[in-house]
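Read off the chains here:
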Amino acid sequence: QVQLVESGGGLVQAGGSLRLSCAASGRTFSTNYMGWFRQAPGKEREFVAEITWSGNADYTDSVKGRFTISRDNAKNTVYLQMNSLKPEDTAVYYCAAAKYLGVYDNWGQGTQVTVSS
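A short tour of the structure in this document, coming up.

Rules used in this analysis
- Residues numbered from 1 in each chain as written.
- Predicted model: local features only at pLDDT ≥ 70, side-chain atom pairs only at ≥ 80, totals over all residues.
- Heavy atoms only, no water.
- Disulfide = S-S within 2.5 Å.
- Helix = DSSP H or I, 4+ residues; strand = E, 2+ residues; numbered from the N terminus.
- Buried < 20%, exposed > 50% of the residue type's maximum accessible area, 1.4 Å probe, protein only.
- Pairing = 2+ DSSP bridges.
- Axes fitted to C-alpha atoms, helices over the stretch in contact; angles between N-to-C directions.
- Contact = heavy atoms within 4.5 Å.
- Polar contact = N/O pair within 3.5 Å; in protein donor to acceptor, adjacent residues only side chain to side chain.
- 1 Å grid on protein atoms, 1.4 Å probe; cavity = no way out; pocket = protein on both sides within 12 Å on 5 of 7 lines; lining within 4 Å.
- Points joined across faces, edges and corners; volume = space filled by probe spheres on them.
- Nonpolar A, V, L, I, M, F, W, Y, C, P; charged D, E, K, R; others polar.

## Re the state of the cysteines
Then comes step 1: A complete count under the given rule lists 1 disulfide for this structure.
Then comes step 2: A sulfur-sulfur separation of 2.1 Å characterises the disulfide bridge that pairs Cys 22 with Cys 95. Disulfide Cys 22 to Cys 95: torsion about the S-S bond roughly -80 degrees, handedness left-handed. A residue pair is termed long-range when its members are at least 10 positions apart, and Cys 22 in strand 3 (residues 18–26) and Cys 95 in strand 9 (residues 91–98) qualify at 73 residues.

Set out below in structure tokens:
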């Protein structure tokens with residue numbers, strides 16, 4: 001089991017920036033893939049970004065060019081730098097870990113991001 005703890009959420013005005021962090025502990029050999037997902041009120045949870053152990057990243061189209069995912073393997077931490085935030089980015093953001101591609105079976109508790117217009 002991998003324990004994931006997110007931090008860095010908050011309230012920001014449209015156009016602003018936030019940096020989310022997710023620290024992993026426990027069976028960190030199961031963190032080949034680290035991802036960020038989000039869930040807005042009344043909507044299903046959706047994929048935001050993911051990064052492999054070697055640093056290859058992928059993003060959902062709506063955040064490309066605005067968000068950057070990165071990881072520090074020595075610190076077992078993954079980051080999500082969010083720039084040019086929009087009100088539609090408002091959601092609870094979850095960090096997740098997977099040993100195999102697409103199989104996210106470890107989740108953090110979530111951190112709230114609110115973007116005001």
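## Observations regarding unusual backbone geometry
Where the residue is not glycine, phi is negative for most of them; where a peptide bond is considered, it is trans in most cases.
Then comes step 1: With a phi close to 50 degrees, Asn 76 is a non-glycine residue in the positive phi region.
Then comes step 2: With respect to the element layout, Asn 76 can be found in the loop between strand 7 (67–72) and strand 8 (77–82).
Then comes step 3: Look at Asn 76 and you get partly exposed, because its relative accessible area is 27%.
Then comes step 4: A positive phi angle, close to 50 degrees, is found at Ser 84, a residue other than glycine.
Then comes step 5: Inspection of the secondary structure assignment puts Ser 84 in the loop between strand 8 and strand 9.

## Considering the sheet that holds strand 8
Then comes step 1: Taken in spatial order, the 4 strands of this open sheet run 1-3-8-7, and their pairing is antiparallel. A single partner strand is all that each edge strand has here, and the edge strands are strand 1 (2–7) and strand 7. In this sheet, neighbouring strand axes are inclined to one another by 15 degrees on average, regardless of whether the strands run parallel or antiparallel.

## Some points on the environment of Asp 72
Then comes step 1: By secondary structure assignment, the location of Asp 72 is in strand 7.
Then comes step 2: Asp 72 gets classed as partly exposed once you look at its relative accessible area, which sits at 25%.
Then comes step 3: With 12 residues separating them in the primary sequence, Asp 72 and Ser 84 have C-alpha atoms 24 Å apart.
Then comes step 4: Leaving out residues up to four positions away in the same chain, Asp 72 has contacts with Thr 77 and Tyr 79.
Then comes step 5: Separated by 3.1 Å, the side chain of Asp 72 and the backbone nitrogen of Ala 74 make a polar contact.

## Things to note about empty space enclosed by the protein
Then comes step 1: Counted by the stated rule, this structure contains 1 cavity of 30 Å³ or more.
Then comes step 2: In this structure, the largest cavity encloses a volume near 50 Å³.
Then comes step 3: Those elements that place two or more of their residues in the lining of the largest cavity are strand 7 and strand 8.
Then comes step 4: Among the residues making up the lining of the largest cavity, the classes are represented as 4 nonpolar, 4 polar and 2 charged.

## A short note on the pairing of strand 5 (residues 46–52)
Then comes step 1: For strand 5, the tally of buried residues reaches 5 of 7 residues, placing the bulk of the element in the interior.
Then comes step 2: Note: strand 4 (residues 33–39) against strand 5, 6 bridges, orientation antiparallel. Residue pairing across strands places Trp 36 opposite Ala 49, the latter belonging to strand 5.
Then comes step 3: Adjacent in sequence and paired antiparallel, strand 4 and strand 5 are bridged by 6 residues, among which Gly 42 carries a positive phi angle near 75 degrees.
Then comes step 4: Counting the residues that bridge the hairpin from strand 5 to strand 6 (residues 57–59) gives 4 residues, and of these Gly 55 lies at a positive phi of roughly 105 degrees.

Note that every value here comes from positions in space, so none of it alone points to a role or purpose.
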